[in-house]
Every structure is written in structure tokens, then in C-alpha cells.
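So the chains spell out like this:
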Amino acid sequence: MSIYKDYLKEIEDRKVQGLHPKPIDGAELLSKIIEQIKDVDNEYREGSLNFFIYNVLPGTTSAAGVKAKFLKEIILGESVVKEITPAFALEQLSHMKGGPSVEVLLDIALGSNVALAKEAAEVLKTQVFLYEADTARLEEALKNGNTIAKDILESYAKAEFFTKLPDVEEEIKVVTYIAGVGDISTDLLSPGGDAHSRSDRELHGQCLFEHNKDMQNELLALKEQHPDKRVMLIAEKGTMGVGSSRMSGVNNVALWTGVPFSKYVPFINFAPVIAGTNGIAPIFLTTVSVTGGIGIDLKNWVKQKDADGNTIVDADGEPVLKQTYSVDTGTVLTINTKTKKLYKDGEELKDISAALTPPKMEFIKAGGSYAVVFGKKLQTLACKILGIDIPEVYATSKEVSIEGQGLTAVEKIFNKNAVENTPGKTLHAGSNVRVEVNIVGSQDTTGLMTSQELEMMAATVISPIVDGAYQSGCHTASVWDDKSKANIPRLMSFMNDFGLITGRDPKGKYFPMTDVIHKVLNDITVGDWDIIIGGDSHTRMSKGVAFGADSGTVALALATGEATMPIPESVKVTFKGQMKSYMDFRDVVHATQSQMLKQFGGENVFQGRIIEVHIGTLTSDEAFTFTDWTAEMKAKASICISEDDTLIESLEIAKGRIQIMIDKGMDNANQVLKGLVDKANTRITELKTGIKPALRPDANAKYYAEVIIDLDEIAEPMIADPDVNNEDVSKRYTHDNIRPLSYYGGTKKVDLGFVGSCMVHKGDMKILAQMLKNIEAQQGKVEFKAPLVVAPPTYNIVDELKAEGDWDVLVKYSGFEFDDSAPKGLARTKYENMLYLERPGCNLCMGNQEKAEPGDTVMATSTRLFQGRVVKDSGEKKGESLLSSTPVVVLSTILGRTPTLKEYEAAVDGIVLTKFKPSQKQLVQ
């Protein structure tokens, strides 16, 4: 059977699923289609024409290269297709977003046929995805006196590709749809279990609302009732998009409610409108901007205050809320982009200027942030070639500079890495800044989308200013199934060719690593002044400042080495008191969130801000436990302020782990990993000689708030509880419900335990081993009354545990040990009461492969407690994912229930759970 007939068969198979033909990205299939188009008597000619015109992915896909070449033949008259005139061929090229299409347009524009050259030039003037190789051709032609090249460059200098776009409409009519009450996780919009289908946009779109067809049909009915309006998805009494960046979530919302980007490119929509009572989660809001959408903070429910200005609370101590205006499903509202207000029936409801800032308006006008980023870069290059000043076309970046005010740690990092800000001007929070990015991370369930984004922005190689970038295989580590076998090797091959260090070697020279991406990034980040961008909400490093990002922003950082964002405000966190010997550092993390909420009357002052934690004496592994959890605190990012000696120790650990990667053969031709070791050595020398101390804020820096955590108050282990049966739906599945162990009275049944994910480190594995030895010594044997799943985050940790003897202890008590030579091909559906030693990776925390049995109560070290993520509901009982420290998880599985404090203290007797003591030094400059 021919490749075309295979495609037709696939189309028939997709029809059964209610799907259209899959967009074409391969050269072989499109070449066959072109062959059939050229044969005027071919029985498949009509269908082939339709596929060629309307169903080919743009950018640098191999299919796009074949399409561009054929369109060039038509324009030059070398091939004649009556249905595709030369003018229509040029129009097709204009929708192909760079790469081969720009190459063809430049060939024609700089060619000898003047009439065609002028037509191609007019199309080129609308394009923004040009790279240095493209502008170099224009520069060379200009030097040779080519007037068309000059005309194109002058157009770019004026940014006509942007200025000639239609203005954003003054009034945008929307109709509301309540997607849920309380915080809405991106799992609702793009479930983790459907990660394998994210790159197939139409197929993935079927999982919106976790495949809830009733909700999907309600949405379709709203669209049918209001054809002149956009549907605005709302998180009532909550925040939209918590838990993950997830470009696929915004893509799904755009697919169902947005505007088609091009009639020649299927299933790529833009301009979604999303809202929440408490706004949009920070990294999710960035993703909305990528698609030229609007994210609105509604504030339609407000906390009630008494006469003294104190928050009124109910009998449970929860703030009492009052509705200021209704956004019930079906409510028609108007967004006015001139007044920047939200209206209902002509009455103003809310100032939404924060959603419609000048930069965001530019994103909306251009159809997304990529076009603006590339447009600015292209304008700058054109002006440099022409030797002229850059005309002010785009809104000037907001620069906030307050004389006499010191800098927070994040302000210092942004000032150091800023690009094209006013020379000599010190920038404070609120400034909008282009910054260079040092480290970039791509994870495997979003990586395929990142590779697609790179193809669509016509990028072919990583930016030379990026110090290092890594592609992981951790989210698909636990089950090597057919979906993974089909997707992951292809992803690794693309990213390896692009210039990333990859967990799997496409050539098979080194053993596949499924290390958790955040742990790898934490090791390869060797600069405390670095900026890190990663394709996951838990991109939170203990060195530098790291931002979780959608797959598109990751692609942009890989391609350009830059990111653009406001400098966030910071909240300073310091510690006092002394930890009790039986407490784990995880309890400090949970207590930080709990004490902060108590100190500020239930207001989460961390949300959308940088948490500057003065951790001081903890090395990067354990400090990462704090920074990792800050995603659950809804912070934008976090920064660890460290003592010099502690930072040196962390860098030495990082060097050793990078060297292991080098020894395994993971470095590339550019010797990226060697460069990171060299950078670490340089930084260590600076620290030891005092030339450049560890990053510290200024003593007179200004913070949004300052939080002091009293370690003396932490008297027992702390647990984040999803509170699944709370009568107020908005209070369920938040990470703010932190409870002491004694709350459960030693009686709450635990069905499964999980020690793993990015929240644990080598120390947790050693604690587990020692606890098992303690329990055997106390009780004569170790008997599990609930299954315990253990997934070390990295192979380095496994190797170190083997060398130190702890792995043998774990194996002794386990009933299953992972085998990389024969990885699991199917996810577990049932668990026995025993210890499972699983392959390094995300495992249960990701929820896309392994899950607990429906209705289980899970005690886990991970970060995810959202409904259905780790455990689904059963017909009889809601699934619960309670989050706690390693000792609590382990003991809960031994007992089959939550332990009492007395039982807990006995089990950890003699174990050093953490060495954390607040720094006695003033960690400021």
C-alpha cells in the first residue's frame, strides 16, 4: 500500500473518533501528493489539492520544505497548476511562517524577474520569522545595490509587518462559561493522562474538561446561541490555570473558543479569553499571551472586612466572601480595549487595565507574543544594517526606577541580564524587561509541542547565547508503552539535532536517563545570577531564578536565548527559632505556607510574586525542596539567598554530577556540559577569593511583604490536604489547607504511599532506608499494610545509594525493583502491600501513566493533590492525595493509616532528618 493510501486509511480511522485528517508534516507523503497533483488524470488529484492547500503544517517541517519548493516552481512558471495561480502560491507562502517559505521568497525577491521580485517583496514585508541567515542575504544584496532589498529592509525598519495590521477591536463581546468553582488546575483543560496526544491538536482537544462531553456540548451550545461573541472560560471563586504552564491547555481553550489563525493551517487558533475570580496563575497567564489571548482578574467575590479593616471569618476560620457582580454561565459582557474596563449592559464592572497593558495589546494585535518578539528583533537588525536609529513603533518597555531604593535579588538578576534597557538606568519591580536566558529545560510530555513551535517559528538551532539546555524523559519514564516508543525517540532526535543535551541518545551511545528534569536543571544551573526557563511549573531552581513556562515560551528561549517579562515584586522569607529534632524540612516548607496565610489574614501574598527565601545554610538539593513547592504557593518564582560556603558546596556537587553526564557520553560537539563545569569553577574561584560574593539583596531593598517563619511553632509533621469533602467546593483541592498530623488522630486509613517526584532528594532515600531498619529493629520485621511506591528522582542518586549501601537495604524490603533492560510496558492498575522500587522519574506525580487505584487515599511526597491527578474518584469514594514528608509517608504505609505523633517520633528516632538552622549572618549587602 502507498503512503497516500495509508494516509487515507488513517483518515477513515480518525472519522470514527469524530476527527478530521491529521495535518501533514512529512516530506514523503507531501511529495506523493504533489506527484498526484501534477498528474491531471489522477483519481486522487482533487483530494491531493485540498490536502496541499489546507492541511500542511508550516515552518520548518519537512513537508513545509517540499511545499515551498513546489510553490516556487509554480510562481516561476516551471510547473503549472490551474487551481494554484502564481498569485495564490505567493499567498500560500505568506501563511507558512518562515524557514523554507522565507528562503523561497528571498530567492524570488532577489532574483532577476523584477515583476515577480516586487510581488515577493510585498509578501516578505509581512513576515517576521526571519533569522540572521535571512537578513544576511538582504544585507549582501543591499551592498550590491539591490533596490528591492533596500525596500524590504526599510519596511522592516518601520516594522510595517506590525503597523499595517488591523487595530484591536474596541469592543470585544464575550459570553461567560463557568468551567469550575475554586482553583482550576490545567488538568481540567489538558489532563496529564492525555499527554501523549498533545501534538495532535484536534485529538487532544477532545480531552477538554477531562473528556466531559456534557460540558463540551454546553460550550458548543453557547457558541451557537452567541455567534457574534467569544466564550470566556471562568474559574469562579478561584484561580484559573494553577499547577502547570501547559500550552496544551490554552491551545484547547483556543481551539474551542478562539479564532482560526489561518484558513490554510488547521487546528491552530488564537485569542482565547480566560478569567478567574482570583485571576490567572502566573505561568498560565504567560501562555495566554503566547496565543494573543486575554486573561482577566475578575475579583467578583471579595473578602468582607469589619469596621477595623480586619477580614471577617466564618466558624471554620475561613474568610467570608461577598459577590460584587455575577458572571454565571451565559452572562454577556463587553471588554472595552480603549477604556480598559469590563461592562455589563453598559455598566462598568471592573477595571481590567492589567489585562490590557500596552505590551499585551501588542500581543493581541499581532496574534501572539512570538510575532512581537521576532518583530522587534527583525526591526533592530534592519536598522543596524541600514545604519539608522530604531523608530519608536512598539510601546516602550516600562522602566521603573526609584532613586535611593536598593534592589531585591530578582531585581539584581534582571538588571544584570537585561537587553536594550536604558543604559545606566537601574530597574525595579514593575519594569518590563527583555532578558538573556542562561539555562533552558524541555520535558517530554510538552517537548513534542516545543519541537512543533520551533518548527513553526522556523528555528533550526539553539541560540548561541544559551549556556545549556536539556531535554528530559522523566514524565514518560514509568511505562515504556507504545505511545512512548512512538513519540520519545522522535523528540530526542529532534532536540539532539537542535543542540540540547538529551536524556536519551538518538544514536544509542549512552544509557537512557529518565532523571526528573527539575533535578537535572538544578544541577546544570551553576550561576546564582542565572535566569532559567523550563517547560514545567516546577522549574524552580535553588540557584538563580527559574520560571516555569509553556512549551512555546521554552521554544522562544531556545531559539532566541531571550525572554520578556515584568520584574515581579518580591516577598522576603526569613526564619527564627530552632527546629525540633524529629521534624523534616518538608514540614518547614508547609509551615511557611500556613504561617504566611495566618499572618496575612488568609491573603496569599506569595501569589504572582518572587519568594526570596533566606535559606542560607542549606545546599542546593534540600533547598530545592522549598523552591519546588513555591509553585504550589502560586508564586511566580523563588530565589534562595545562600551563604558563600554553602553555595560553593552546592556548586561542587553540581560539578560532580555534570561530570558524570560527561563521562556517560552525554556532551555534544559544542561541549556544552564542559562549558558548565568551567563556569562553575570560575564562580567557585570568585566566591573563595571574595571577588564576587553570593547573590544577596540590598539592605534597603523594598518588598511587597516580609514573612518571618517561627520554627519553634512547628511541633509536629504538616500535611497538605485536598479536603475533598469540604461543603464549599472552592475550598477543595487547594494547597493552602495545611493540617498537623494530630488532626487525623492516628486513624485515617491510607491505601497507598508514594515517595518520589522532584520534591525528594538523596537524603529522603537514606531516611527511607534507615526507617526500614529502625522498624525491623523495633518490631522484628517490616510488614506493609499499604503499598509503598518509591521512585528516586535521578540515576545519580541510585548510583550513590548503591555505593553507600542504602540501595541494598531498599532492595531487601522491596517486592519489585525496576529493570531498565525490560521496562514496564503497561501501567499498574492494582498494587500489593509491598515496596515497589520504580524507575527514576515522575511516576505517580505526573498522572499520565501510573495512578493509584480509584478512590484511594494516597499519602505522597509529591506536589500534586488536584482531583484525578494522582488518583481518580471511584463510585463510592473520592480519591485523596495528601502531601507530606518522607517519614510520614513511609510510616503511613507500614501502619495502613496515619501515625500518631508518638509512633512517628519512635520511627524517626536517631535519624537526622534535616540539618537546617537559620543563618546567623545578615544575608544582605
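Before reading on, note that the structure itself is shown above.
Report follows, based on the coordinates. (Residues numbered from 1 in each chain as written. Predicted model: local features only at pLDDT ≥ 70, side-chain atom pairs only at ≥ 80, totals over all residues. Heavy atoms only, no water.)

### Regarding the overall build of the protein chain
- The helix and strand inventory of the protein chain stands at 31 helices and 33 strands.
- The dimensions of the protein chain, computed from C-alpha atoms along their principal axes, are 90 × 65 × 65 Å.
- The buried share among the 925 residues of the protein chain stands at 62%.
- Sequence separation of at least 24 residues holds for 73% of the intrachain contacts in the protein chain that already meet a minimum separation of 6. (Helix = DSSP H or I, 4+ residues; strand = E, 2+ residues; numbered from the N terminus. Buried < 20%, exposed > 50% of the residue type's maximum accessible area, 1.4 Å probe, protein only. Contact = heavy atoms within 4.5 Å.)

### What to know about unusual backbone geometry
- Positive phi, normally seen in glycine, also occurs at Ala-159, with a value near 55°.
- Owing to a relative accessible area of 0%, Ala-159 belongs among the buried residues under this scheme.
- Of note, Asp-345 is a non-glycine position whose phi angle comes to about 50°, a positive value.
- Note that Asp-345 resides in the loop between strand S12 (341–344) and strand S13 (347–351).

### Some points on the packing of helix H8 (residues 132–143) against helix H17 (residues 369–386)
- It is the contact of H8 with H17, at a shortest axis distance of 11 Å, that shows an interaxial angle of 25°. When the axes of H8 and H17 are compared, the pair comes out roughly parallel. H8 and H17 meet at a crossing whose hand is right-handed. Of H17, the residues touching H8 (which contributes Glu-132, Thr-135, Glu-139 and Leu-142) are Lys-377, Leu-378, Leu-381, Ile-385 and Leu-386. (Axes fitted to C-alpha atoms, helices over the stretch in contact; angles between N-to-C directions. Parallel < 35°, antiparallel > 145°, perpendicular 65-115°, else oblique. Left-handed = near helix turned anticlockwise from the far one by under 90°.)

### Section: the pairing of strand S22 (residues 570–576)
- Among the 7 residues of S22, 5 are classified as buried, and the element is accordingly described as predominantly covered.
- With respect to chirality, the unit in which S22 leads through helix H23 (residues 585–599) into the neighbouring parallel strand S23 (residues 610–616) is right-handed.
- As paired strands, S22 and strand S25 (residues 705–710) are joined by 6 bridges and run parallel to one another. Its bridge partner being in S25, Val-573 is matched across the sheet by Val-707. (Right-handed = clockwise from strand over helix to strand, strands pointing away. Pairing = 2+ DSSP bridges.)

### A word on helix H29 (residues 806–813)
- Those residues of H29 not exposed but buried are Asp-806, Trp-807, Val-809, Leu-810 and Tyr-813. For H29, the arc enclosing every buried residue in end-on projection is 155°, short of the 170-degree limit, so these residues lie on one face. Projecting away from the buried face of H29 at angles above 90 degrees are the exposed residues Asp-808 and Lys-812.
- Lining the buried residues of H29 we find helix H27 (762–779), helix H28 (795–804), strand S30 (814–817) and strand S31 (835–837). (Arc of directions from axis to C-beta.)

### Side note on the side chain of Lys-572
- Mapping Lys-572 onto the fold places it in strand S22.
- For the buried Lys-572, no salt bridge is present, and the opposite-charge side chain at shortest range is Glu-706, 4.5 Å distant.
- Setting aside anything within four residues of it in sequence, one finds Lys-572 in contact with Glu-612, His-614, Tyr-703, Ala-705, Glu-706, Val-707 and Val-924. (Lys, Arg positive; Asp, Glu negative; His and termini not counted. Salt bridge = Lys/Arg side-chain N within 4 Å of Asp/Glu carboxyl O.)

### Side note on the sheet that holds strand S15 (residues 432–436)
- Overall, antiparallel pairing links the 3 strands, which are arranged S14-S15-S21 in an open sheet. In this open sheet, the two strands that pair with only one neighbour each are strand S14 (418–419) and strand S21 (562–566).
- Direction of pairing for S15 relative to S21: antiparallel, over a ladder of 5 bridges. Paired with Glu-436 across the strands is Glu-562, a residue of S21.

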